[in-house]
Amino acid sequence: MAEKKKNNSSLEKVRGKRVAVAATVFLFPALFLIAVYFIYPVIDTFVISGYKWNGISSDRTFIGLQNWVTLIHDKNFWDAFGHNVVIMVFSILLQIPIGMLLATFLDAGGRKYNIFKVIWFLPYLMSSVAIAFLFTYALATNGGIFSSLASLIQGKKVTIDLLGRSPHALFAVIGVMAWQYTPFYMVYFIAGYGNIDTTIYEAAIIDGATRGQYVRHIAIPLLGPIFKTACTMSLIGSLKYFDLIWNMTQGGPVNSTELMATYMYKLSFQQFNMGYGSAVAAGMFILITFIALLFQKIFVVKEDY
Amino acid sequence: MKKKVLSIFLASVLSASILAGCAGGGSAAAPAAGGSDATETTKEEAASADTAEASTGKQTDGKNLPELTTEDMTILLWDIATEEPGRPTQEAAVARFMKDYPNIHVEQIHQQNDNYKQQLVVAMSSGQCPDMYVSWGGGPMAEYYKSGFADDITDLYNTYDHPDFIDAAIAQGSYKDKILGIPFGSLSGCDIFYNKTIFKENGLEVPTTLDELEDVCAKLKEAGITPFALANAPKWTGSMYYMYLVARHSGNDEFDAAYTQEGSFGSEAFLFASDKIQDWVKKGYFPDGVNSLSPDDGQDKQLLYDGSCAMMLHGSWMAGSMSSDNAEWYQENIGVFRFPEDSEAKAKGVPQDVEIGTAIGNCFNFNSKGDQAKLEAMYVLATQYYNDDTYNQMQMDSFQTPSIKGFEEQVTDPNMKVITDVFFNASNVQLWYDQYLPASVTEVHKNSMSALFGLEKDGAEIGADQDAAMKAELAEE
């Protein structure tokens, strides 16, 4: 008996060891990649932000916190941050409610609306660069969709300049972003609806609830956690946004669509100011983390169902 | 494999064409690349003595050049020749070199122009800087030099043969009197293209003074035609108007003074230029939505093509570009004239022949890391294979005028002839501000151009912005 027990425990030990080995082996590639491509660059960004460095020279001068002092007083950076905040607010106000409405429509319609699901999802499948080109043409003053339509309606040549003026450019870009990302939230909410037990819906209907009442009083409260995650994602996405803006306006005209990320890119790679560019990147990292945590803290949704 | 076959094919075709060139004596590209008459004869003698032998002889034979290594060597070369006609022209030059020096392998990488400068910065910072790379001279090249990624080739240049580059080209490839770059692009002037047919229909003459130009604009506007086709999304296009007005009003003086901040970007000529531009914007001399039109999509050309605009101040590369869009229409309708003179300034003795543009287009910089043999090989490649007769002829065929003395004689396209004449008769070539200014000031300058054409800031305000950026840059140095 004793012998058997001993056998058992050694077997457990062996097994435990094997599990540990397997876990290490399986986790190593992921951890390694995270370390190399995420943790190291973040740390290095903070390190570089302490130097005056043009990004190519082998000698870089340590200047302590000077870049950070500059950053705190840099009007361009805070303007860019302001644009990020505007984009963040409008992204949350546009993308999530519209995504939610579309999902509600599709959920109510069931299978027969599948075609809409596919069509509405298409924008999200396109790359940002392609969308940027598409809308640069569509919004062009010379032969763009809006200008052509306006000309057609008014019967004379009219030019609608959306990307070349401030503040129109920022709102034009916000519109394009909404077009791109709404489908993502739509799918997200469809999944949310799918998670609601059908028996709840059936019970509500049996109790005499209308579809509207069901959505308002049952579905939306149940989708609460989904809202929260969607908002957090939209928030982080808007704060670190880069590709679409870069390809549509490069931050112009006159910095009116400059974001923190485009500002950082210009400093680091076009103006030979890698040290300060890194300070901007590190500043972005701190701001985004802070805002995201704050958001989580304020909007804690009790997961009580 | 395919590439190899192609390069062998190219090499053989080219060696044949070199032979043909020798036998013919004076080929179309007369100013031989650095070759004196003596070398021409040696080559011809060699060719006539034994044609079979000559095909193995190098095209550099008989020239005063460094003896290149016989050991194996690889040269990593970065360029931006992703499209025709640049790509075949430049690949052929490398193929000719590798045929003559089979032990030296040139790895030619074509980078996308849009990302090239960023790619180069990343490569340099990570110790992967190519041995030989394209730059545009100006501020960025100075950064590469200061960081130790661009060799000083003044000694090589003074010791050995090289094409007879025009002075402005060498000046542009230099930094503080050190020669860093060998030109291999072409000169690009900047002049006003105009629609001859529209001018004729409206009884307009080519203007020679700013007053006449404004007169032409007013008449065009009356006829319902927007005078200038301008696409200012990338901002350097609008900058051309600004630079010229400054240059006509003050020559190089005020810009040079502003550059050192002994003067200011808010001085008289700059205010004159800003006021003129904003006056023209208000009068509708530029297309609506000028800041969102982009020349990358050819939106400025299109306005010229569809007759809604009559003139376009642009770089001389536009001649080739428009000709390749529709050669017949181009020949029939497009003429070119130099930027009109400011008669008031002229009366005060301000030179009216300062040209805005670039004398080189591109140059090669070298990063040999102290490997003299490699530097010499790269020097020979850049001066004798790029810039040789075959290369220059291919350049000329695609509307490019090499920055080498004597080539102005050979331009055939009437518009290119005007452009080249203006260029060669200029008292001074002012490199585009956005390439000449330090990178951080360039950014401010470009934004100023959006603000100017968008009527968001006036001349004094953009002057102050540019002064502040320039001061900050000078303080750094």
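Residues numbered from 1 in each chain as written. Chains lettered and ligands numbered in written order. Predicted model: local features only at pLDDT ≥ 70, side-chain atom pairs only at ≥ 80, totals over all residues.

Colleague: What is the right way to read the overall build of chain A from this model?
Modeller: Counting its regular elements, chain A contains 13 helices and 2 strands. Relative to the compact-globule value of 19 Å for 305 residues, chain A shows a C-alpha radius of gyration of 26 Å, a clear excess of over 25%. Counting every position in chain A, which comprises 305 residues, the buried fraction comes to 32%. Within chain A, contacts between residues at least 6 apart in sequence are counted, and of these 70% link residues at least 24 apart. (Helix = DSSP H or I, 4+ residues; strand = E, 2+ residues; numbered from the N terminus. Rg over C-alpha atoms; globule rule 2.2 N^0.38 Å. Buried ≥ 20, exposed ≤ 12 C-beta atoms within 10 Å, placed from the backbone. Contact = placed C-beta atoms within 7 Å.)

Colleague: Please clarify how the domain arrangement of chain A should be interpreted in this entry.
Modeller: Frequently, the measure chosen for interface size is the accessible area removed from exposure when the parts meet. Residue and element names in this part refer to chain A. By domain assignment, chain A separates into domain 1 (2-48) and domain 2 (75-298). The C-alpha centroid of domain 2 is placed 39 Å from the C-alpha centroid of domain 1. Each partner contributes to the interface: domain 1 provides 4 residues, whereas domain 2 provides 6 residues. The class makeup of the residues in the side of domain 1 that touches domain 2 is 3 nonpolar, 1 polar and no charged. (Domains from an automatic or database assignment. Nonpolar A, V, L, I, M, F, W, Y, C, P; charged D, E, K, R; others polar.)

Colleague: So what exactly am I meant to see when it comes to the sheet that holds strand 6 (residues 181-183) of chain B here?
Modeller: Sheet strands line up and pair through hydrogen bonds in the backbone, either parallel or antiparallel. Residues and elements named next belong to chain B. Strands sit in the order 2-1-3-13-6 across an open sheet of 5 strands; the sheet is mixed. Pairing within the sheet leaves two strands with one partner each, and these edge strands are strand 2 (104-110) and strand 6. When strand polarity is set aside, the average angle formed by the axes of neighbouring strands in this sheet is 25°. The strands touched by helix 6 (residues 138-146) are strand 3 (132-135), strand 6 and strand 13 (363-366); relative to strand 3, the strand with the most contacts, the crossing angle is about 150°. In the packing of helix 18 (residues 372-385) onto the sheet, contacts are made with strand 1 (73-79), strand 2, strand 3, strand 6 and strand 13, and the angle to strand 1 comes to roughly 50°. (Pairing = 2+ DSSP bridges. Axes fitted to C-alpha atoms, helices over the stretch in contact; angles between N-to-C directions.)

Colleague: Can you help me understand helix 11 (residues 236-250) of chain B in this one?
Modeller: Residues that lie three or four places apart on an α-helix share one face, since the helix turns once every 3.6 residues. Residues and elements named next belong to chain B. Taking 1.5 Å of rise per residue, 15 residues should cover 21 Å, and helix 11 covers 20 Å from first to last C-alpha, within 8% of that figure. A large share of helix 11 lies buried, amounting to 14 of its 15 residues. Of the residues one or two after helix 11, G251 is the one with positive phi, at around 60°. (Expected span 1.5 Å × (residues − 1).)

Colleague: Would you mind showing me how to read unusual backbone geometry here?
Modeller: With the exception of glycine, most residues fall at negative phi, and the peptide bonds are largely trans. Residue A:P167 follows A:S166 across a cis peptide bond; omega there is 0°. Position of A:P167 relative to the elements: it lies in the loop between helix 6 (145-154) and helix 7 (168-195). Backbone geometry at B:D177 places phi at a positive 65°, although glycine is not the residue there. Here B:D177 lies in the loop between strand 4 (174-175) and strand 5 (178-179).

Colleague: Help me understand the interface of chain B and chain A, please; the structure alone is not making it clear to me.
Modeller: Listed by partner, the interface residues are 26 residues for chain B and 24 residues for chain A. If you list the elements that add at least two residues to the side of chain B that touches chain A, you get helix 5 (113-125), helix 14 (299-305) and helix 22 (439-453) of chain B. Top element by residues in the side of chain B that touches chain A is helix 22 of chain B. It accounts for 6 residues.

Colleague: Would you take a moment to explain the sheet that holds strand 8 (residues 190-195) of chain B for this structure?
Modeller: Residues and elements named next belong to chain B. Read across the open sheet, the 4 strands follow the order 9-10-8-11; overall the sheet is mixed. Each edge of the open sheet carries a strand with a single partner, namely strand 9 (226-228) and strand 11 (334-337). The mean inter-strand angle of the sheet, taken between neighbouring strand axes irrespective of direction, is 25°. Here 4 bridges tie strand 8 to strand 11, and the two strands are oriented antiparallel to one another. The residue of strand 11 that forms the bridge with I192 is F337.

Colleague: When you look at the packing of helix 12 (residues 260-270) of chain A against helix 13 (residues 274-298) of chain A in this model, what are you seeing that I'm missing?
Modeller: All names here are of chain A. Between helix 12 and helix 13, the shortest axis-to-axis distance is 7 Å and the interhelical angle comes to 160°. Compared by their axis directions, helix 12 and helix 13 come out roughly antiparallel. Crossing angle aside, the handedness with which helix 12 passes helix 13 is left-handed. Contact with helix 12, carried on its side by M260, A261, Y263, M264, L267 and S268, involves M274, Y276, G277, V280, A281 and M284 of helix 13 and no other residues of that element. Taken together, the residues that form the contact of helix 12 with helix 13 break down as 10 nonpolar, 2 polar and no charged. (Parallel < 35°, antiparallel > 145°, perpendicular 65-115°, else oblique. Left-handed = near helix turned anticlockwise from the far one by under 90°.)

Colleague: Please clarify how the domain arrangement of chain B should be interpreted in this entry.
Modeller: All names here are of chain B. Each assigned domain of chain B is listed here: domain 1 (2-187 + 360-405) and domain 2 (190-357 + 418-476). At the interface, 10 residues of domain 1 touch 14 residues of domain 2. Those elements that provide at least two residues to the side of domain 1 that touches domain 2 are helix 6 and helix 8 (167-172). Top contributing element to the side of domain 1 that touches domain 2 by residue count: helix 6, with 3 residues.

Colleague: Just to check I follow, could you spell out the environment of B:T358 for this structure?
Modeller: Residues and elements named next belong to chain B. Take T358: it is sitting in the loop between strand 12 (354-357) and strand 13. Given 29 C-beta atoms within a 10 Å radius, T358 is considered buried. Along the backbone, T358 and G315 are 43 residues apart, and their C-alpha atoms lie at a distance of 9.3 Å. In this structure T358 touches Q172, L187, S188, L431 and W432, once residues within four positions along its chain are discounted.

Colleague: What is the right way to read helix 4 (residues 86-100) of chain B from this model?
Modeller: Residue and element names in this part refer to chain B. Given a rise of 1.5 Å per residue, 15 residues ought to cover 21 Å, and the 22 Å separating the end C-alpha atoms of helix 4 matches this to within 8%. Where burial is concerned, most of helix 4 is hidden: 11 out of the 15 residues are buried. Looking only at helix 4, the buried set comprises G86, T89, Q90, A92, A93, V94, A95, R96, F97, K99 and D100.

Colleague: I tried to follow the packing of helix 13 (residues 268-282) of chain B against helix 23 (residues 459-476) of chain B on my own but got confused; where do I start?
Modeller: Each pair of packed helices gets described by two things: the angle between the helix axes and the distance between those axes. All names here are of chain B. Remark: helix 13 packs on helix 23, axes separated minimally by 9 Å, with the N-to-C direction vectors making an angle of 130°. The angle between the axes of helix 13 and helix 23 places the two elements in the oblique class. For helix 13 against helix 23, the interelement crossing comes out right-handed. Facing F270, L271, S274 and D275 of helix 13, the residues of helix 23 in contact are G459, A460, I462 and G463. Split into classes, the residues belonging to the contact of helix 13 with helix 23 amount to 4 nonpolar, 3 polar and 1 charged.

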